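# Notes for the structure review
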Amino acid sequence: MQGAPLATRQLETLDEIVSLCRSNGWLPLSLLTASAVLLTEKAIDDCFRFLGHVLFRPLPAAPSDAAPNEISPFRDPAFPLLSACYALLSALLALPGDALSRLLPAAFPRRLLRLLFAPDRRERRRAKSAVHHLYARLPDRRAALRRELQFLLLDAELAQADGVQEALEFYAGVLKGVALPLRAEHRAFLQRCLLPLLKRPQLGQCFCGLDACFRVLVEKDGALGVLVGATWARHG
């Protein structure tokens, strides 16, 4: 659109790309036609690099003068562009599994997880949805995602930031799909990451996610109920 502001042109271009992706569907790469130019590996790689440039930026700081019980008052002025980027990411994550596994940059899932701690709650919700989708689509990346989530929750600075609730909601969803018997990895996660969060000053901001994780773990292994109950009573 001639003469339109740059931000408007960016959004219109992104909307066109997402619409074209969804209207074409993701054809096998061997069946590409001239009308499906976005399905070339080069174009997909360009899309992922563009998303990495826009999404994986230094996160803005939330206001320091927010009321103590006010959750995520910050509204990122760049959110319209970010929202369009998450829509494009959603379309890319619908690639056939073999193509997605091959074309997704190795560091992309790990960097996406960090966006669960973005100061704008709207972005955290979009990031959580994308991480869920990615976790479901790529079984070979799941262990790495769980390790990265543990690392992030052990980060003292992030553990005091907004986003712990979204991170715990994601992990509760992971736990629901875990097969029995429960692996030692998940018991360690409980002791190293989840139980220490009960000492968090802003426990109310992540209580629902923490409670969901505890419930699923105890349903999977009833013996963990004693440990959870005793720790909760000590810090509750």
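In what follows, the structure referred to is the one given above.
Residues numbered from 1 in each chain as written. Predicted model: local features only at pLDDT ≥ 70, side-chain atom pairs only at ≥ 80, totals over all residues. Heavy atoms only, no water.

### Focus: the nonpolar core
Test applied: For our purposes a nonpolar core is just a set of buried Ala, Val, Leu, Ile, Met, Phe, Trp, Tyr and Cys residues, chained together by side-chain atoms within 4.5 Å. Partly exposed residues are those whose accessible area sits between 20% and 50% of the maximum for their type, while under 20% is buried and over 50% is exposed, using a 1.4 Å probe and protein chains only. Only runs of H or I of at least four residues qualify as helices and only runs of E of at least two qualify as strands under DSSP, and these elements are numbered from the N terminus. Only heavy atoms matter for contacts: two residues are in contact if any of them lie within 4.5 Å across the pair.
Core analysis: the largest hydrophobic core is formed by 66 residues, its most contacted members being L89, L112, L153, L168 and L194. A per-element tally of this core places helix α3 (residues 79–92) first, with nine residues. Beyond its immediate stretch of four places on either side in the chain, L194 contacts L168, Y171, F189, L210, C213, F214 and L217.

### With respect to helix α10 (residues 184–194)
As a reminder of what qualifies: By construction, the arc corresponds to the directions joining the helix axis to the C-beta atoms.
Within the span of α10, buried status applies to H186, F189, L190, C193 and L194. The buried residues of α10 occupy one face: seen down the axis, they fall within an arc of 115°. Considering only its buried residues, α10 is in contact with α7 (142–154), α9 (164–176), α11 (207–220) and α12 (224–235).

### Here we look at unusual backbone geometry
Cis geometry marks the peptide bond from L180 to P181, where omega comes out at 0°. Assignment of secondary structure puts P181 in the loop between α9 and α10.

### Focus: the packing of α10 against α11
We count it as follows: For every element, the axis is a line fit to its C-alpha atoms; helices are fit only across the contacting stretch, and the angle between N-to-C directions ranges from 0 to 180 degrees. Relative orientations are named as follows: roughly parallel for angles under 35 degrees, roughly antiparallel for angles over 145 degrees, roughly perpendicular for angles from 65 to 115 degrees, and oblique for any other angle. Less than a right angle of anticlockwise turn of the near helix away from the far helix marks a crossing as left-handed, whereas a clockwise turn marks it as right-handed. Three classes are used, and their members are as follows: Ala, Val, Leu, Ile, Met, Phe, Trp, Tyr, Cys and Pro are nonpolar, Asp, Glu, Lys and Arg are charged, and the others, Gly among them, are polar.
Contact pair α10 / α11: the axes reach a minimum separation of 12 Å and the direction vectors enclose 150°. Viewed along their axes, α10 and α11 adopt a mutual orientation that is roughly antiparallel. As for how α10 packs across α11, the hand of that crossing is left-handed. For the pair α10 and α11, contact is made by H186, L190 and L194 and by L210, C213, F214 and L217, respectively. Residue composition of the contact of α10 with α11, grouped by class: six nonpolar, one polar and no charged.

### Some points on the pattern of salt bridges
Keep this limit in mind: We define a salt bridge as a contact between a side-chain nitrogen of Lys or Arg and a carboxyl oxygen of Asp or Glu at a distance within 4 Å.
Within this structure, the stated rule accounts for 15 salt bridges. Here R57 ties to D76 by a salt bridge, and the two come within 3.3 Å at their closest N and O atoms. Linking R57 in the loop between α2 (41–55) and α3 with D76 in the loop between α2 and α3, this pair joins segments that are 19 residues apart in sequence. Among the residues examined, D76 registers a relative accessible area of 8% and is labelled buried. Between E185 and R183 there is a salt bridge, with its nearest N and O atoms 3.5 Å apart. Judged by its relative accessible area of 31%, E185 is partly exposed. The partly exposed category is assigned to R183, whose relative accessible area is 44%. Beyond isolated ion pairs, a larger network of salt bridges with shared partners links R124, R125, K128, E166 and E169.

### Describing the packing of aromatic side chains
For the record, the criterion: Working definition: a ring pair exists when centres of Phe, Tyr or Trp rings (six-membered ring for Trp) sit within 6.5 Å. Plane angles under 30 degrees give stacked, over 60 give edge-to-face, the rest tilted. Sitting over a ring, as applied to charges here, requires NZ of Lys or CZ of Arg to be within 6 Å of the ring centre and within 35 degrees of the ring normal.
Going through the model one piece at a time under the given rule, you end up with six aromatic pairs. Taken together, a centroid distance of 5.6 Å and an interplanar angle of 85° make the contact between Y135 and F170 edge-to-face. One end of the pair, Y135, is in helix α6 (residues 121–137); the other, F170, is in helix α9, with 35 residues separating them in the sequence. Like F170, Y135 is buried. Grouped by ring-pair contacts, the aromatic residues F48, F56 and F108 constitute a single cluster. The side chain of R122 reaches across the aromatic face of F79, ending 4.1 Å from its centre.

So, to be careful, I would describe these as geometric facts and stop short of saying anything about function.
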